[in-house]
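# Notes for the structure review
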Amino acid sequence: MGSRAWSVEKRSTLKSDSFSKDIDNLLETGCLSIIVLGASGDLAKKKTFPALFNLYRECWANLGFLPSDEVHIFGYARTKISDEELRNRIRGYLINKNDASSDHSEEINKFLQLIKYVSGSYDGEDGFRLLDKEITEHEFSKNSQEGTSRRLFYFALPPSVYPSVCRMIKLCCMNKSNLGGWTRIVVEKPFGKDLDSAEQLSAQIGGLFDESQIYRIDHYLGKELVQNLLVLRFANRMFLPLWNRDNIDNVQIVFREDFGTEGRGGYFDEYGIIRDIIQNHLLQVLCLVAMEKPVSLKPEHIRDEKVKVLQSVLPINDDEVVLGQYEGYTDDPTVPDLSNTPTFASLILRIHNERWEGVPFILKAGKALNSRKAEIRIQFKDVPGDIYRCQKQGRNEFVIRLQPSEAIYMKLTVKQPGLEMSTVQSELDLSYGQRYQQVKIPEAYERLILDTIRGDQQHFVRRDELKAAWEIFTPLLHRIDNGEMKPIPYTPGSRGPAEADELLAKSGYVQTHGYIWIPPTL
């Protein structure tokens, strides 16, 4: 065979036997075709193609993630443009601003030559048969035996066209036989707007593809610090006896943006902050914080434990929900004047099981706030018999800073240096920018696309997991949609509604006074 064998290797930092048996030493000989559906849109040019380019660049570093002699990339959309026009559209997005000083022109030009564009509709056979013809010609040129090739379809598309696109792929673009090759699809959120629509979408896609072929992507599961959660919890003995209701008072999972909808008002108003952020990103993080140790690192074992957490969540109490909408939101001409859509939400989830009974999980997300960050904040209970009388300074907290300035730090009380016996809050700090100066932290989409190629579904959402997530939030969302709950106005650039801070205090969170974490300088 003219094509060399393409060996998929596990990440070198993960040495678990159970993991390596499943992921390591998978030998795949067929060529790889990556098809970006919706190739002319914003998501494709800003996220999908840059992620593919970075994986291609890793090949230059002899890591072999996207070897140019094995892979070809196809763009497909309704827009009638040429190959070169598509390449010119995405060229300026391939290098991020931190890397702009270096000359990457040779890498960029070689990568762009891997891309071919096909134009067609999303519900007609002609375009997809032409796409299949182009893919087949590529596979033939690489001497791939029929049935050994790998076809990855990335849906950079609105969910409304998922069913028709899936039908066309099934009808026109599948591998003709199975000799070690595969066809997989990657679908972006939102996966529906409530339980019924999500189940309908799942049934339509599930009727055409097996669950093993479907990769529901949530890019938060590809973030470095999110992927570190299970390692922190289950590879460090010090956390094992502490991670429960006996020691932890409350858990916050927070997402804050310091800008508004910025031209996405019409889209955002259809979904709101709960559907856009909390029901997916923050809930996925909650699962990893709260789940029990899986039997192994096999994807299904991990996802089984996440589903158990979701099924243990109690119905949301309206008294433990604060909604907000920043002033000026409805000035956007694409947003209805009387919109009831929240741009801020803070709510409490309660998990009814032995480990977490009585521990509030506060999920908070908002736009146009006073800072930009995403973090997990685990606050421990007060020290019994406080002989140093330092409780007013604050409690111990374990903080995982997801973005920006990725870090893991533990807030603790120490003696203030000097002659007096006084205490002060300080931290044990692992700041990634300082500790791993020579390490490039991959973007979330890079990891998740690579996992899809490898067939590792650990960081993707399973159908029953999606259903359980919607079961938690659908009743609340319907009450908001029906106008039964109203968002509170808040000033852009503030912390959000004051009622959210009151809810936080009511949940038992104790604010630290006089302490601010400052990312260390290099």
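Computed from a predicted model, the values in this text were never measured in an experiment.

## Comments concerning the overall build of the chain
- Check the secondary structure of the chain and you find 15 helices and 18 strands.
- Split into buried and exposed, the 522 residues of the chain put 54% on the buried side.
- A sequence separation of at least 24 residues applies to 76% of the contacts in the chain between residues at least 6 apart.
- Split by element, the accessible area of the chain, about 23600 Å² in all, is 50% carbon and sulfur.

## Comments concerning the sheet that holds strand 5 (residues 115-119)
- Taken in spatial order, the seven strands of this open sheet run 5-4-3-6-7-8-17, and their pairing is mixed. Looking at the sheet topology across the chains shown, the edges are occupied by strand 5 and strand 17 (460-461).
- In terms of strand pairing, strand 3 (residues 32-37) meets strand 6 (residues 150-155) through six bridges, oriented parallel. If you follow Ser 33 over to strand 6, its bridge partner there is Arg 151.

## Quick look at the nonpolar core
- Counting residues in each nonpolar core, the largest one holds 147 residues, and the members touching the most others are Phe 49, Phe 155, Ile 169, Ile 274, Leu 349 and Phe 361.
- Per-element accounting of this core gives the leading share, 13 residues, to helix 10 (residues 265-290).

## Some details on the packing of helix 5 (residues 125-141) against helix 6 (residues 162-172)
- At a minimum axis separation of 9 Å, helix 5 and helix 6 run at an interaxial angle of 50 degrees. In terms of orientation, helix 5 lies oblique with respect to helix 6. Note that helix 5 runs across helix 6; the crossing there is right-handed. Residues Glu 125, Phe 128, Arg 129 and Asp 132 of helix 5 touch helix 6, and the partners they reach there are Val 165, Met 168, Ile 169, Leu 171 and Cys 172.
- The residue makeup of the contact of helix 5 with helix 6, split by class, is six nonpolar, no polar and three charged.

## Some points on the confidence of the model for the chain
- In this model, the chain carries a mean pLDDT of 86, and residues with pLDDT of at least 70 account for 89%.
- Confidence over residues 1-26 falls short of pLDDT 50; this stretch has 55 contacts with residues more than four positions distant or in other chains.

## Regarding the pairing of strand 7 (residues 182-188)
- With respect to burial, strand 7 is a largely interior element, seven of its seven residues being buried.
- Because side chains alternate across strand 7, one face comprises the buried residues Trp 182, Arg 184, Val 186 and Glu 188, and the other comprises Thr 183, Ile 185 and Val 187, equally buried.
- Summarising the sheet, strand 6 and strand 7 pair through six bridges and their orientation is parallel. For Arg 150, the partnering residue across the bridge sits in strand 7 and is Trp 182.
- The pairing of strand 7 with strand 8 (residues 214-217) spans four bridges and is classified as parallel.

## Re the environment of Thr 341
- Along the polypeptide, Thr 341 turns up in the loop between strand 10 (321-326) and strand 11 (344-350).
- Accessibility expressed as a relative area gives 11% for Thr 341, which makes it buried.
- Each C-alpha atom, one on Thr 341 and one on Tyr 329, is 9.6 Å from the other, the two residues being 12 residues apart in sequence.
- Those residues in contact with Thr 341 that sit more than four places away from it in its chain are Phe 268, Asp 269, Gly 272, Gln 325, Tyr 329 and Pro 487.

## A few points about unusual backbone geometry
- Each neighbour pair has its own omega, and for Lys 189 with Pro 190 the value is 5 degrees, a cis peptide bond.
- Residues Gln 403 and Pro 404 are joined by a peptide bond in cis, for which omega reads -20 degrees.
- Notably, Ala 368 is not glycine yet its phi reads approximately 55 degrees, a positive angle.
- Note that Ala 368 resides in the loop between strand 12 (360-366) and strand 13 (373-380).
- You can call Ala 368 buried: its relative accessible area is 6%.
- One non-glycine residue, Ser 405, adopts positive backbone phi at about 50 degrees.

## Some details on the state of the cysteines
- Tallying each qualifying case throughout the model produces zero disulfides.
- In this model Cys 173 remains outside any disulfide bridge; the closest cysteine sulfur is found in Cys 172, 5.6 Å from its own.
- We classify Cys 173 as buried; its relative accessible area is 0%.

## Points about the packing of aromatic side chains
- Summed over all chains, the structure comprises 16 aromatic pairs.
- Considering the side-chain rings of Phe 155 and Tyr 162, the 5.4 Å spacing of their centres and the 80 degrees angle between planes classify their relative orientation as edge-to-face. For the pair Phe 155 and Tyr 162, one class covers both residues: buried.
- Plain terms: the ring middles of Tyr 267 and Tyr 271 are 5.1 Å apart, the flat faces sit at 40 degrees to each other, and that makes the pair tilted. Taken together, the positions of Tyr 267 and Tyr 271, both in helix 10 and four residues apart, correspond to about one turn of that helix.

Calculation notes
Residues numbered from 1 in each chain as written. Predicted model: local features only at pLDDT ≥ 70, side-chain atom pairs only at ≥ 80, totals over all residues. Heavy atoms only, no water. Helix = DSSP H or I, 4+ residues; strand = E, 2+ residues; numbered from the N terminus. Buried < 20%, exposed > 50% of the residue type's maximum accessible area, 1.4 Å probe, protein only. Contact = heavy atoms within 4.5 Å. Areas by Shrake-Rupley, 256 points an atom, 1.4 Å probe, with all protein chains shown as cover. Pairing = 2+ DSSP bridges. Core = buried A, V, L, I, M, F, W, Y, C linked by side-chain atoms within 4.5 Å. Axes fitted to C-alpha atoms, helices over the stretch in contact; angles between N-to-C directions. Parallel < 35°, antiparallel > 145°, perpendicular 65-115°, else oblique. Left-handed = near helix turned anticlockwise from the far one by under 90°. Nonpolar A, V, L, I, M, F, W, Y, C, P; charged D, E, K, R; others polar. pLDDT = per-residue confidence, 0-100. Disulfide = S-S within 2.5 Å. Phe/Tyr/Trp six-rings, centres within 6.5 Å; stacked < 30°, edge-to-face > 60°.

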